[in-house]
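Understanding the architecture of this molecule
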Amino acid sequence: MLLKTLSELQGTSGAEKKVRDLLQEEITPYVDSLAVDKIGNLIAVKKGAKNSPKVLLTAHMDEVALMVTEITPDGFLKFRPVGGIDPRILVSKPVKVSGINGVIGSKAIHLQKTQERQQALKLDQLYIDIGANSKEEAERYIKLGDYAYFVTGFEALGQAFFKGKAFDDRVGCYVIVETLKKRFDNLNLVAAFTVQEEVGLRGSKVAAYHTQPDFALNIEGTISADMAHIEEEEWVTELGKGPALSIQDQTTLYNPLLIKQVVDLAKQNKIPLQFRRGTSGNNDAGKIHSSRTGIPTLSINVPCRYIHSPASMVRQDDIQNTIQLVEEILRAIPDHFIF
Amino acid sequence: MKKERDQQAKEFLKKLSEYHGVSGYERSIAPLVIQEFQVSADEVRTDRFENIYAHKKGKKGRYKIMLAAHMDEIGLMVKKIDPRGFLRFSAVGGVDQRTLLSQEVTIHGRQSILGVIGSMPPHLVREEGNKAVKIEDMGIDVGLPYEEIQKLIRVGDIITLKRSPIELLGGLIAGKSLDDRAGVVVMQICLQELHKLHHDHDVIAVTTTQEEVGLRGALTSAYTINPDLAIAIDVTHAATPDTKDQVSVELGKGPAVAIGPNIHPQIFDRLTEAAQNVRIPVQIEPIAGMSGTDAWAIQVSQAGVPTGLLSIPLRYMHTSVETLDMQDVVNSGILLAHFIASLPEDLEGYICY
Amino acid sequence: MSNVQNSLDYSLLERLTQTYAPSGIERAVAEQISEIIRPYCDSLTQDKMGNLIAIRKGSGNGKKIMVAAHMDEIGVMITHIDKNGFLRFTPVGGVHITELPHRRVRFSNGRIGVISQEKLDKPADLKLSKLYIDIGAADQDEAEGMVQIGDSAVFTGEFVWAGSRIISKALDDRIGCFVAIEALKRVQTEHEIAFAFTVQEEVGLRGAQTAAFALEPDVALAVDVTLTGDTPKAHPMDVKLGSGVAIKVFDRSMITPPQVKQWMAETAEKERISYQWEVLEAGGTDSGAIHLTKGGIPAGVLSIPTRFVHSPSEMIDTKDVEAAVELLVALLEGPIPF
């Protein structure tokens, strides 16, 4: 299953090769041309009739991970996060570093003082143990700058949920692959699977600049906080309520006229739709909509719980509904959808 | 020969260190930079953003390699002149307020004026002795009456720290603005070394402006050149007794070669290979995200630029006693030259993912 | 004294300030400006971001100058509507959360709401999640009949005179639009001038960025408000209300190139226009984005000293406004020495 493969592949910012290679293989039969640009974005083109509008679909390939920044004299690995990670989720997790197993350990509860137990562990206090006895031994397997990844297996869970790592934004990549399999005669479709979103929307800046689309649709796995102890007004998105359309985030104000058309399309086609009701975070749309002289851009999000952690969750129906909504927008563009 | 080169490099760095060029006001240092690069480059030009481009042509000239080191320094700016004649000031770039008390400064008004950032005598410091004095509570004393000051100094005038470079034991140099004037010296050494080597590609060494306020000169110059490959040269923190667990790069152990999202993997590989070939020690510097250097701006210019980063280890960054090892500077220049000479003729194919 | 003093149409400024235009929804202000300036320009267009671009052709011997003033104002955006019809929201632009309780907001359809707060144990507990808007709806259905998630509202603040001074909401930056409009009406020059009434300045100089990319001017001037240091125990700053137009030297988004500073100051001195130097330690404005466009564009800023910026009661002095119009006209008409 493609989403499982995508989720389990390792590829953090600047090291997206495995994801890129897989996507390249997956979409080759469905597109007219494929290229990798100078920063590593995978760009696929699916041509339509002459003079059709050029529509850019984007999803980022990179996931958050850890980078080895120091090997201690006794063979432990110190690290820094690539992208935004809450250090509190790291304690007591297994990781994979350059094919080697490791664990992020911590001092046993028996050895902690009462006060220590109340204190979150800081990044500087954490390290990866790969079982090496010395720096020399560790260096046989690990180089500075190597990445450590979460090792969560992809599985179905509960009623219609998937559990896995890196749904942000492999789920977006998956949606685009499924979209590319369809025919859109009156569109020039360009898909950009971007790099380095998690460290500052880097790949999308470059991709938008050289693809110069008329309109862009960014597909993201986004935050959801519809959890037990959180008040409804702070959920941002809710699982099972369909794709979430962005209205505002840290880098983009989405055009209300575009939003309204998507709302109407969803209604007509009976696709559940919700708004992304929070403004923290940002995504590739930020760099795309302000590229060159401005590109009308929307962001459609698959709600994910526990994002940027080893184990996140998505709903299968949300993914299917996102795929359908993207299709409806694309089908409407040549004649009905104005930007 | 070698000795002469090293001596020249040291003298150039000391001169650069003493010159003034706060972000946005690099014109005062530009003549020195232009004059030096005119010796090593085929052509030197400037742009509207005050960036300086030293162009050395390659044998083939099909591809452009950009080198970038910034010449601006952090500084201060007059923001208010109080009626008693003290100058209130604001910081330009990342100034550590704790390093300012009791410093001698130069105010670049209608003429250069000497001043001192005043401090309370210890006898009068009371309960707040353990708190750092805030920059907004400091004043510069120029020893002139208000009327006189008004003739000479205006709000918006630039202030720099007065500091001549100092030589320490073991070839170390301390002074202000070695961040990143040392990088400028590295580019100069590189261009000189390239005269002895064969290189296919054009090299454009850009002395950039306004790095300290947001990589602004790199942003505009990278757009202008649109290079095929770029290397930024900057300084990086070197370990001191108070930076354990934070810093692992050390002074005198060679230039630091960065690795991470900001860096094209092929460039990292070739820099370390080139170092092995010419027997120059290097240190690996993993950077998990934003590098905070010109490389960060250059990498995403236009349709993207494969980018590398070479850093000179430096202690006490952003103070007036920044300290580095001259050998690291010279080695960085030589390494860079050999890296450029080693690049294949088909650059595009080489750097493709 | 000033030759523009009596002829400035402050009723236009009043209309502009009272118009609804939160970042991203600047249409109403754009329409008003279009109507007024159409007779004075050679072309008038709106780009994909919503920037309004008015071009005055030059003689062919001059330079191309961009003048930018932003149309948008800060506000709030609705993120949630609860069962009882109360709204939760998020700021649009630089809104000071602690100043919000019991301010009024207005939606595009004219609906007024009041911001209030949940019970707080202590004043320091005040944060965004404790605030809500009451629009007088009895329940969720009634509220949803009036506003929707994603709708934006602006703060209310009427336009009043206080001697030679004006108090109003949204002087940031309708005063800049006003100065640009008045300059556009008066200016006679051989330079080509592109007036860009920009969008989304308050959320990150976004409109100016794309406008400058399209226009690619030789030099750019932004007109915006700046803070002052002349109120009781203010943060130290030299700018005073009523002491003339401020020429920006420094802010977080830009360091004005020395040659641009000099050009602006010398022009002011030549024309005997009162000016002051501005060193602003917080914030930035459109020139910040413009000057980094492509290979770099020399840019400057004419600032209108303004007290209580981003509050419903921003205050300016008309003497400074007149100086700004005069200086802008003089800059656009004179030679550019670089």
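Just so it is clear, the model here is predicted, and its values are computed rather than measured.

This part takes up the overall build of chain B. For chain B, the count of helices and strands is 9 helices and 17 strands. The principal-axis extents of the C-alpha atoms in chain B amount to approximately 65 × 45 × 40 Å. The buried share of chain B, reckoned over its 353 residues, is 53%. For chain B, restricting intrachain contacts to residue pairs at least 6 apart in sequence, the fraction spanning at least 24 positions comes to 76%.

Once that is clear, we can look at the nonpolar core. In this structure, Leu 67 and Val 186 of chain B together with Val 179, Ala 324 and Leu 328 of chain C are the most contacted members of the largest nonpolar core, which totals 301 residues. At 10 residues, the largest contribution of residues to this core is made by helix 4 (residues 178-194) of chain B. Apart from the residues within four sequence positions on either side, Val 179 of chain C is in contact with Ala 69, Val 223, Val 321, Ala 324, Val 325 and Leu 328 of chain C.

So, about the interface of chain A and chain B. Each partner contributes residues to the interface: chain A has 25 residues there, and chain B has 19 residues. Put simply, the parts of the chain that give the side of chain A that touches chain B at least two residues each are strand 4 (65-71), strand 5 (77-82) and helix 6 (202-211) of chain A. No other element matches the 5 residues that helix 6 of chain A contributes to the side of chain A that touches chain B. Partitioned by chemical class, the residues of the side of chain A that touches chain B number 10 nonpolar, 8 polar and 7 charged.

Moving on: helix 5 (residues 216-225) of chain B. Residue and element names in this part refer to chain B. Counting buried positions along helix 5 gives 9 out of 10 residues, so the element sits mostly inside the fold. Within helix 5 the residues assigned to the buried category are Arg 216, Gly 217, Ala 218, Leu 219, Thr 220, Ser 221, Ala 222, Thr 224 and Ile 225. Among the structural elements, strand 3 (64-70), strand 12 (202-208), strand 13 (229-237) and helix 7 (294-299) are those in contact with the buried residues of helix 5. Directly beyond the C-terminal end of helix 5, a positive phi value near 50° is found at Asn 226.

To continue, consider the sheet that holds strand 16 (residues 307-314) of chain B. Residue and element names in this part refer to chain B. Ordered in space as 1-2-12-3-13-16-14-15, the 8 strands form an open sheet in which the pairing is mixed. If you trace the sheet from one side to the other, it starts and ends with strand 1 (43-46) and strand 15 (283-286), each paired once. This sheet shows a mean twist of 25° between the axes of neighbouring strands, independent of strand direction. Here 5 bridges tie strand 2 (residues 52-56) to strand 12, and the two strands are oriented antiparallel to one another.

The next subject is the domain arrangement of chain A. Residue and element names in this part refer to chain A. Assigned domains within chain A: domain 1 (2-63 + 165-336) and domain 2 (65-150). Facing 11 residues of domain 1, the contacting portion of domain 2 comprises 10 residues. Among the residues forming the side of domain 1 that touches domain 2, the class breakdown is 3 nonpolar, 5 polar and 3 charged.

Attention now goes to the interface of chain A and chain C. In many analyses, interface size is given as the accessible surface area lost on bringing the parts together. Taken residue by residue, the interface counts 16 residues in chain A and 23 residues in chain C. For the side of chain A that touches chain C, the per-class residue count stands at 6 nonpolar, 6 polar and 4 charged.

Residues and elements named next belong to chain A. Where helix 2 (residues 17-27) meets helix 5 (residues 167-180), the closest approach of the two axes is 10 Å, and the angle between their N-to-C directions is 20°. On the basis of their axis angle, the class for helix 2 and helix 5 is roughly parallel. Once helix 2 is placed against helix 5, the crossing between them reads as right-handed. Across the interface between the two elements, Leu 23, Glu 26 and Ile 27 from helix 2 touch Cys 173, Val 177 and Leu 180 from helix 5. Split by residue class, the contact of helix 2 with helix 5 holds 5 nonpolar, no polar and 1 charged.

Let us now look at the pairing of strand 16 of chain B. Side-chain positions along a regular strand alternate between the two faces of the sheet. All names here are of chain B. In terms of burial, strand 16 is a largely internal element, 8 of the 8 residues being buried. Neither face of strand 16 is exposed, since Thr 307, Leu 309, Ser 311 and Pro 313 on one face and Gly 308, Leu 310, Ile 312 and Leu 314 on the opposite face are all buried. Here strand 13 pairs with strand 16 via 8 bridges, running parallel. Counted as the bridge partner of Asp 234 is Ser 311 from strand 16. Here 2 bridges tie strand 14 (residues 256-259) to strand 16, and the two strands are oriented antiparallel to one another. In the strand pairing of strand 16, Val 257 is matched with Leu 310.

Here the focus is the packing of helix 4 of chain B against helix 8 (residues 326-342) of chain B. Residues and elements named next belong to chain B. Between helix 4 and helix 8, the shortest axis-to-axis distance is 7 Å and the interhelical angle comes to 45°. In this view, helix 4 runs oblique relative to helix 8, as classed from their interaxial angle. Between helix 4 and helix 8 lies a crossing whose hand is right-handed. When helix 4 is examined against helix 8, the residues Ala 182, Val 185, Val 186, Ile 189, Cys 190, Glu 193 and Leu 194 are found in contact with a partner set consisting of Val 329, Val 330, Ser 332, Gly 333, Ile 334, Leu 336, Ala 337, Ile 340 and Ala 341. For the contact of helix 4 with helix 8, the per-class residue count stands at 13 nonpolar, 2 polar and 1 charged.

Residues and elements named next belong to chain A. Burial within strand 3 (residues 54-60) is extensive, with 6 of its 7 residues counted as buried. Alignment of strand 3 against strand 12 (residues 188-194), held across 7 bridges, turns out to be parallel. Each bridged residue has a counterpart across the sheet, and for His 60 the counterpart in strand 12 is Thr 194. Across 4 bridges, the pairing between strand 3 and strand 13 (residues 215-224) is parallel. Across the sheet, Leu 57 pairs through a bridge with Leu 217, a residue of strand 13.

Conventions we followed
Numbers given to residues run from 1 along each chain, matching the order in which its sequence is written. Whichever chain is written first is A, and whichever ligand is written first is 1; the rest continue in order. The predicted origin of the model limits local features to residues at a pLDDT of at least 70 and limits the giving and counting of side-chain atom pairs to 80 or more, whereas totals for whole chains, interfaces and linings rest on all residues. Every helix listed is a DSSP run of H or I at least four residues long, and every strand listed is a run of E at least two residues long, numbered separately from the N terminus. Working definition of burial: number of other C-beta atoms within 10 Å of the residue's own, with buried at 20 or more, exposed at 12 or fewer, and partly exposed in between, all C-beta atoms being placed from the backbone. For the purpose of contact definition, each residue receives a C-beta atom placed from its backbone, and two residues are in contact when these atoms lie within 7 Å. In this description, a nonpolar core means buried residues of the types Ala, Val, Leu, Ile, Met, Phe, Trp, Tyr and Cys, linked to one another by C-beta atoms lying within 7 Å. Any residue that is not Ala, Val, Leu, Ile, Met, Phe, Trp, Tyr, Cys, Pro, Asp, Glu, Lys or Arg is counted as polar, Gly included; the first ten are nonpolar and the last four charged. Being paired, for any two strands, means DSSP has found at least two bridges between them. For helices, the fitted line uses only the C-alpha atoms of the stretch in contact; every axis is such a line through C-alpha atoms, and the angle between N-to-C directions lies from 0 to 180 degrees. Residue ranges assigned to the domains are those given by an automatic or database domain assignment. Angle categories are assigned with fixed cut-offs, so that under 35 degrees is roughly parallel, over 145 is roughly antiparallel, 65 to 115 is roughly perpendicular, and the rest are oblique. Rotating anticlockwise by less than a right angle from the far helix to the near helix defines a left-handed crossing, while the corresponding clockwise rotation defines a right-handed one.

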